[in-house]
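Take a look at the letters that make up each chain.
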Amino acid sequence: GAADEFFKAAHGWLDGVGDRGRALTALGRALDAEPEHASALELRAVLATEQGRWSDAAEALEARLRIGGDPETLAALQLRLGVLYQEHLDQSARAVAAFNAALASVRSAEPLDRLATLHRASRNWTGVVDCLQQLRAMCRRNGWRFRNPGGDDPKIDRGEDMNDFYASAKVTVGDSLC
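Remember, predicted model here, so these are calculated numbers, not experimental data.

**So, helix H1 (residues 2–17)**
At step 1: Its 16 residues place the ends of H1 22 Å apart at the C-alpha level, agreeing with the 22 Å of an ideal helix rising 1.5 Å per residue.
At step 2: Of the residues making up H1, those classed as buried are Ala3, Phe7, Ala10 and Leu14. Across the axial projection of H1, the buried residues extend over an arc of 55 degrees, all falling on one side. Facing away from the buried surface of H1 by more than 90 degrees, the exposed residues are Lys8, Asp15, Gly16 and Val17.
At step 3: Elements that come into contact with the buried residues of H1 comprise helix H2 (20–33) and helix H3 (38–50).
At step 4: Just downstream of H1, glycine 18 is the residue with a positive phi angle, here 70 degrees.

**Some remarks on the packing of helix H7 (residues 110–121) against helix H8 (residues 125–142)**
When two helices pack together, their arrangement is given by the angle between their axes and by how far apart the axes lie.
At step 1: Remark: H7 packs on H8, axes separated minimally by 8 Å, with the N-to-C direction vectors making an angle of 165 degrees. Taken together, the axes of H7 and H8 lie roughly antiparallel to each other. Judged by the sense of rotation from one axis to the other, the crossing of H7 with H8 is left-handed. Residue-level inspection shows Leu112, Leu115, Ala116, His119 and Arg120 of H7 in contact with H8, the latter providing Trp125, Gly127, Val128, Cys131, Gln134, Leu135 and Met138.

Reading guide: rules and limits
- Residues numbered from 1 in each chain as written.
- Predicted model: local features only at pLDDT ≥ 70, side-chain atom pairs only at ≥ 80, totals over all residues.
- Heavy atoms only, no water.
- Helix = DSSP H or I, 4+ residues; strand = E, 2+ residues; numbered from the N terminus.
- Expected span 1.5 Å × (residues − 1).
- Buried < 20%, exposed > 50% of the residue type's maximum accessible area, 1.4 Å probe, protein only.
- Arc of directions from axis to C-beta.
- Contact = heavy atoms within 4.5 Å.
- Axes fitted to C-alpha atoms, helices over the stretch in contact; angles between N-to-C directions.
- Parallel < 35°, antiparallel > 145°, perpendicular 65-115°, else oblique.
- Left-handed = near helix turned anticlockwise from the far one by under 90°.

Below, the structure written as structure tokens:
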């Protein structure tokens, strides 16, 4: 339909000549024709983020999330939304909610790392402990094992983000996880 044509035009403006203004205009028309055009909302969020329009990016992601979709896609969108709330919009409560929603499907410790950072900043030690428990469960589900490469601090086999999270959380709790 018309929304798809405007969406293709937006990509044409971006990919062909790099005209973000015209691409945004075409995206606006796509969303006027079909307010729940998932791809147009995602692209609008990307362009708004690139331009530092944090509230517009969050609004586009929120609208996209209301449409629904597969769990992996929704988790990735929640993670992006949480980052906007945490890093650019100073809305910690909304960031916590988005990161918790992202944990439903993400096979990464990034949402846990970000949650632990928010909980530590607000001195919410119960929240930090909850993050540690979730990390432990994630390790078991995914078959990740802690290893000790010769030092006193255990490391995690997969993902530097998990190592960083564990190192920061260990200081708070002082306990081994897996």
